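Structural characterization, general
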Amino acid sequence: MLSKLENVLNDAELDLAKVNDLNALVQLKANYLGKKGVLASVMSNMRDLTVEQRKEIGMRTNVIKNSLEEKFEAKKNQIEEAIINQKLQNETIDVTLPGVDFSIGGIHPLNQTIMELEDLYIGMGYTVAEGPEIETDENCFEKLNLPKGHPARDMQDTFYINPELLLRSQTSPVQVRTMMENDGKPIKIICPGKVYRRDADDATHSHQFMQCEGLVLGKNITMADLKGALLEMAQKMFDKDRQIRLRPSFFPFTEPSVEVDVSCGMCGGKGCSTCKGTGWIEVLGAGMVNDNVLRMSGYDPAEIQGYAFGIGVERITMLKHRIDDIRNFYTNDVRFLNQFKEVK
Ligand code: PHE
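Residues numbered from 1 in each chain as written. Predicted model: local features only at pLDDT ≥ 70, side-chain atom pairs only at ≥ 80, totals over all residues. Heavy atoms only, no water.

Our next topic: empty space enclosed by the protein. Scanning the entire structure with this criterion turns up 1 cavity of 30 Å³ or more. Around the largest cavity sit Phe 141, Leu 146, Ala 152, Met 155, Gln 156, Gln 170, Phe 251, Pro 252 and Phe 253, which together line it. Counted by class, the lining of the largest cavity contains 7 nonpolar, 2 polar and no charged residues. (1 Å grid on protein atoms, 1.4 Å probe; cavity = no way out; pocket = protein on both sides within 12 Å on 5 of 7 lines; lining within 4 Å. Points joined across faces, edges and corners; volume = space filled by probe spheres on them. Nonpolar A, V, L, I, M, F, W, Y, C, P; charged D, E, K, R; others polar.)

Another aspect to go through is the pattern of salt bridges. Under the defined criterion, the tally for this structure stands at 18 salt bridges. Asp 137 serves as the salt-bridge partner of Arg 153, at 2.8 Å between the closest nitrogen and oxygen. In this pair, Arg 153 sits in the loop between α6 (137–140) and β3 (160–162) while Asp 137 sits in helix α6, placing the two residues 16 residues apart along the sequence. By relative accessible area, which is 12% here, Arg 153 ends up buried. Asp 137 gets classed as buried once you look at its relative accessible area, which sits at 0%. Its salt-bridge partner being Asp 239, residue Arg 242 comes within 3.1 Å of it at the nearest N-O pair. The buried category is assigned to Arg 242, whose relative accessible area is 13%. For Asp 239, a relative accessible area of 31% puts it in the partly exposed group. Among the ionic contacts, a cluster of salt bridges with common partners joins Asp 137, Glu 142, Lys 148, Arg 153 and Glu 164. (Salt bridge = Lys/Arg side-chain N within 4 Å of Asp/Glu carboxyl O. Helix = DSSP H or I, 4+ residues; strand = E, 2+ residues; numbered from the N terminus. Buried < 20%, exposed > 50% of the residue type's maximum accessible area, 1.4 Å probe, protein only.)

Before going further, it helps to examine the side chain of Ser 172. Looking at where Ser 172 falls in the secondary structure, it is placed in the loop between β4 (165–167) and α7 (173–181). Residue class for Ser 172 comes out buried when judged on its relative accessible area of 2%.

Turning to the packing of aromatic side chains, a few remarks are in order. Considering all chains together, one arrives at 6 aromatic pairs under this definition. Measuring from ring centre to ring centre gives 5.9 Å for Phe 251 and Phe 253, while their planes differ by 20°; the resulting arrangement is stacked. Summarising the burial analysis for this pair, Phe 251 and Phe 253 share the class buried. Look at Phe 329 and Phe 336: their rings are 6.0 Å apart centre to centre, the planes differ by 75°, and that puts the pair in the edge-to-face class. Residue Phe 329 shares its accessibility class with Phe 336, and that shared class is buried. A network of ring pairs unites the aromatic residues Tyr 121, Tyr 126, Tyr 307 and Phe 309 as a single cluster. (Phe/Tyr/Trp six-rings, centres within 6.5 Å; stacked < 30°, edge-to-face > 60°.)

Here we take up the sheet that holds β3. The strand order across the open sheet formed by 3 strands is β2-β4-β3, and the pairing between neighbours is antiparallel. Edge positions in the sheet fall to β2 (134–136) and β3, since each of these pairs with one other strand and no more. Pairwise comparison of adjacent strand axes, ignoring direction, gives a mean angle of 35° for this sheet. Bridge count for β3 against β4 is 2 bridges, and the pairing is antiparallel. Paired with Asn 162 across the strands is Leu 165, a residue of β4. (Pairing = 2+ DSSP bridges. Axes fitted to C-alpha atoms, helices over the stretch in contact; angles between N-to-C directions.)

This part covers the site of the ligand. As a matter of local geometry, the ligand sits amid 14 residues, with Gln 170, Ser 172, Arg 197, Gln 211 and Glu 213 nearest to it. Separating a nitrogen atom of the ligand from a side-chain N or O atom of Ser 172 is a distance of 3.1 Å. Within the side chain of Arg 197, a nitrogen or oxygen atom sits 2.9 Å from an oxygen atom of the ligand. At the level of elements, β6 (208–218), β9 (280–289) and β10 (305–312) are the ones that each hand at least two residues to the shell around the ligand. A total of 3 residues in the shell around the ligand trace back to one element, the largest contributor, which is β10. Per-class residue counts for the shell around the ligand are 5 nonpolar, 7 polar and 2 charged. (Near = heavy atom within 4 Å. Polar contact = N/O pair within 3.5 Å; in protein donor to acceptor, adjacent residues only side chain to side chain.)

When the terminal C-alpha atoms of helix α8 (residues 223–237) are compared, their 21 Å separation across 15 residues agrees well with the 21 Å that a helix rising 1.5 Å per residue should span. Leu 226, Ala 229, Leu 230, Met 233, Ala 234 and Met 237 are the residues of α8 that are buried. All buried residues of α8 lie within an arc of 135° about the axis, which places them on one face of the element. What points out from α8, more than 90 degrees from its buried face, is the exposed set Ala 224 and Lys 236. Contacts from the buried residues of α8 go to α5 (109–123), β7 (244–251), β8 (254–263), β9, β10 and α10 (313–321). The N-cap residue of α8 is Thr 222: its side-chain oxygen and the backbone nitrogen of Ala 224 are 3.2 Å apart. (Expected span 1.5 Å × (residues − 1). Arc of directions from axis to C-beta. Contact = heavy atoms within 4.5 Å.)

Have a look at this one:
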């Protein structure tokens with residue numbers, strides 16, 4: 001019987017060495033130490049022994065039982081530790097690995113120009129106004145002194161949605177909206193935004209482009225104020241040596257109207273291929289707001305006058321960065337756009 005007991009110990013040790021998961025270990029422990037386990041079945045023969053033998057076997061059994069319990073406990077700890085180590089290994093992050101570089105977008109060059117214009121004009125006390133791109137014929141034309149059938153409507157070939165609604169062909173309707181909301185009170189705004197015209201796209205035309213409108217209404221506002229606001233713009237957007245020139249022109253909503261040129265930055269005004277030998281480059285239209293326009297939106301021209309201007313955002317951006325094709329702005333070629341990123 002003693003040898004049977006020793007065998008139990010040996011077998012258990014051999015089996016234990018093979019186990020490496022907790023469920024199997026629990027099962028194995030029940031096999032050896034459980035109520036119906038191997039040890040219990042050996043012990044069940046005790047009754048056939050003498051008192052002396054019982055004492056000896058009993059002591060030995062206890063030793064073996066304790067030893068097995070310790071061994072099972074040690075194995076359990078060993079398996080648990082292995083599980084934790086494995087988990088830690090799986091979750092390990094090597095903080096010395098180089099970081100993953102992800103690409104950051106940039107601000108579109110046209111938006112950069114608009115942001116610069118906003119900065120500049122906000123600095124001069126203007127606020128920024130916005131309006132919808134789908135406009136009424138009334139706001140886009142009629143209230144700007146362009147009744148239906150007026151020949152000057154041909155200046156802007158317009159996308160009509162129906163006879164009353166259109167894609168705005170200029171940002172000037174935002175002037176009308178602002179005037180209608182202001183009850184004859186002074187105004188000082190710029191309105192940047194997209195406009196649409198039925199032009200065939202080429203290097204200098206796009207069916208969709210951007211304008212930045214300006215409108216200043218108040219007492220005793222004159223053409224000199226307009227010239228000052230535009231000179232400031234030319235010198236901030238390009239460089240401080242730029243000059244501007246006002247040429248007589250026609251817009252139905254301004255009287256008098258002017259077209260404004262900036263001195264050519266390529267040749268300093270001497271004349272080159274960029275300015276076609278003139279020394280000047282046209283950048284915007286402007287003028288003193290026509291009395292009819294004021295009246296139609298609730299302003300009394302005897303009390304309040306002012307000026308309006310419409311800057312071509314693409315035009316300025318192209319001149320500034322020497323871009324020769326307007327389509328670059330709208331084809332989203334990242335090789336083009338990346339050149340305007342602040343963080344490369
Ligand atoms: N809206 C005009 C255009 O698109 C530009 C302009 C604006 C002219 C304001 C005068 C005053 O052609």
